[in-house]
Amino acid sequence: MSTPRFSGTDRYIATDDLTLAVNAAITLERPLLIKGEPGTGKTQLAEEVARTLSCPLFEWHIKSTSKAQQGLYEYDAVSRLRDSQLGDPRVHDIRNYVVRGKLWEAFDSDVRPVLLIDEIDKADIEFPNDLLRELDRMEFYVYETRELVRARHRPIILITSNNEKELPDAFLRRCFFHYIRFPDEAALRRIVEVHYPRLKQELLAEALAAFFRLRETPGLKKKPSTSEFLDWIKLLVAEDVPPEALRAEDPKQAIPPLYGALLKNEQDVHLFEQLVFLHRRAR
């Protein structure tokens, strides 16, 4: 039986390096750890891999309060106590109070699934290490019901990180790693054309130039992302903004129109206005 291959989709522009990484992780049967700036398509990659390979997708979105155990299962002792006080016959079967987590759901899939563990770096530093055994052996023990849960099919596991904190070496050793670099102008043009195939080329050219000028501004607290650029393009089209309004030499514009899609804090807005003002004084 041939190993399934991912090669990008009509909705997701994947670089050669990224498709190679996805397929390498599938071949090695190891989790694919994907890092990159927020908004570079890490989460969407899991959706597109599942769609391309016709696999069910299970998504576990990590929060700062998430614990590894929640991905396996949780025992709802409070509900069982309440039901026992009410005389509910459900209390006689403890399985009624064992809530399956995303790993258990993926392990129980009838066909090979894709499992997304999204933004793993949000959780406590011990979170990744607490999953090592389960991700290695593809099994875990449910103490309340005294049963061993084994994966019917080894999931294709994608783990994303925004690099907010370092991940443990023991965890990293078990992953295939890929860093999604921010797309250059040619790649970003292709991404936009996938989402807006009828966009006027003059508007796209001016929008790209304005966007990269903004990203390259020294001292920005938060650089605008790919997803924010797509939002901005949508607004430019909706508001029928002419291409000339985006040009650097336009004296009416201190910052790009509808900049709220790109700049997300007042410090960056003020910084950009100052730099534009200083640039004009120097001319």
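Residues numbered from 1 in each chain as written. Predicted model: local features only at pLDDT ≥ 70, side-chain atom pairs only at ≥ 80, totals over all residues. Heavy atoms only, no water.

Turning next to a nonpolar patch on the surface. Taken together, Y141, Y143 and L148 make up a surface patch of nonpolar side chains, about 330 Å² in accessible area. Relative to the assigned elements, L148 resides in strand β7 (residues 147-150). Judged by relative accessible area, which is 37%, L148 ranks as partly exposed. (Patch = residues over 30% accessible without salt bridge, like charges linked within 9 Å, V, L, I, M, F, W, Y side chains within 5 Å. Areas by Shrake-Rupley, 256 points an atom, 1.4 Å probe, with all protein chains shown as cover. Salt bridge = Lys/Arg side-chain N within 4 Å of Asp/Glu carboxyl O. Helix = DSSP H or I, 4+ residues; strand = E, 2+ residues; numbered from the N terminus. Buried < 20%, exposed > 50% of the residue type's maximum accessible area, 1.4 Å probe, protein only.)

Next up on the list: the pairing of strand β5 (residues 114-118). Across the five residues of β5, five count as buried, placing the element largely inside the fold. With burial as the criterion, each face of β5 is covered, one bearing V114, L116 and D118 and the other bearing L115 and I117.

Reading across the sheet, the five strands line up as β2-β5-β8-β1-β9 and stay open at both edges, with parallel pairing between neighbours. Strand pairing shows two members of the sheet lacking a second neighbour, β2 (57-61) and β9 (176-180), which therefore form its edges. The average angle at which neighbouring strand axes cross in this sheet is 20°, direction not considered. As paired elements, strand β1 (residues 32-36) and β9 share five bridges and run parallel to each other. Paired with I34 across the strands is H178, a residue of β9. Helix α1 (residues 16-28) rests against β1, β8 (156-161) and β9 of the sheet, and its axis sits at about 165° to β9. (Pairing = 2+ DSSP bridges. Axes fitted to C-alpha atoms, helices over the stretch in contact; angles between N-to-C directions. Contact = heavy atoms within 4.5 Å.)

So, on to the side chain of E206. Relative to the elements of secondary structure, E206 occurs in helix α10 (residues 201-215). If sequence neighbours within four positions are ignored, E206 has contacts with P243, L246 and R247.

We now examine α10. Between its first and last C-alpha atoms α10 spans 21 Å; for 15 residues at 1.5 Å apiece the expected length is 21 Å, and the two agree. Among all positions in α10, only L203, L204, E206, A207, L208, A210, F211, F212, L214 and R215 are buried. (Expected span 1.5 Å × (residues − 1).)

Turning to the packing of helix α9 (residues 185-195) against helix α11 (residues 226-238), a few remarks are in order. Running from amino to carboxyl end, α9 crosses α11 at an angle of 50°, the nearest separation of the two axes being 11 Å. The angle between α9 and α11 falls in the class oblique. Of the two elements, α9 crosses α11, and the hand of that crossing is right-handed. For the pair α9 and α11, the contacting residues are L188, I191, V192 and H195 in the first and T226, F229, L230 and I233 in the second. Taken together, the residues that form the contact of α9 with α11 break down as six nonpolar, two polar and no charged. (Parallel < 35°, antiparallel > 145°, perpendicular 65-115°, else oblique. Left-handed = near helix turned anticlockwise from the far one by under 90°. Nonpolar A, V, L, I, M, F, W, Y, C, P; charged D, E, K, R; others polar.)

So, about α1. Its 13 residues give α1 an end-to-end C-alpha distance of 18 Å, which sits within 8% of 18 Å, the value for a rise of 1.5 Å per residue. Where α1 is buried, its residues contact β1, α2 (42-52), β8 and β9. In the stretch just after α1, E29 is the one whose phi turns positive, near 55°.

The next subject is the side chain of T217. Turning to its location among the elements, T217 is positioned in the loop between α10 and α11. A polar contact of 3.1 Å, which involves the side chain of T217, links it to the backbone oxygen of R213. (Polar contact = N/O pair within 3.5 Å; in protein donor to acceptor, adjacent residues only side chain to side chain.)

Let's shift gears to the pattern of salt bridges. A complete count under the given rule lists 20 salt bridges for this structure. In this structure, K222 and E228 form a salt bridge, with 2.9 Å as the shortest nitrogen-oxygen distance. Overall, E228 belongs to the buried group, its relative accessible area being 9%. Two residues, E228 and K264, come together in a salt bridge whose shortest N-O distance is 3.2 Å. In this pair, E228 sits in helix α11 while K264 sits in the loop between α11 and α12 (266-282), placing the two residues 36 residues apart along the sequence. On the accessibility criterion, K264 (43% relative accessible area) is partly exposed. When salt bridges that share partners are traced, they join D10, R11, E48 and R51 into one network.

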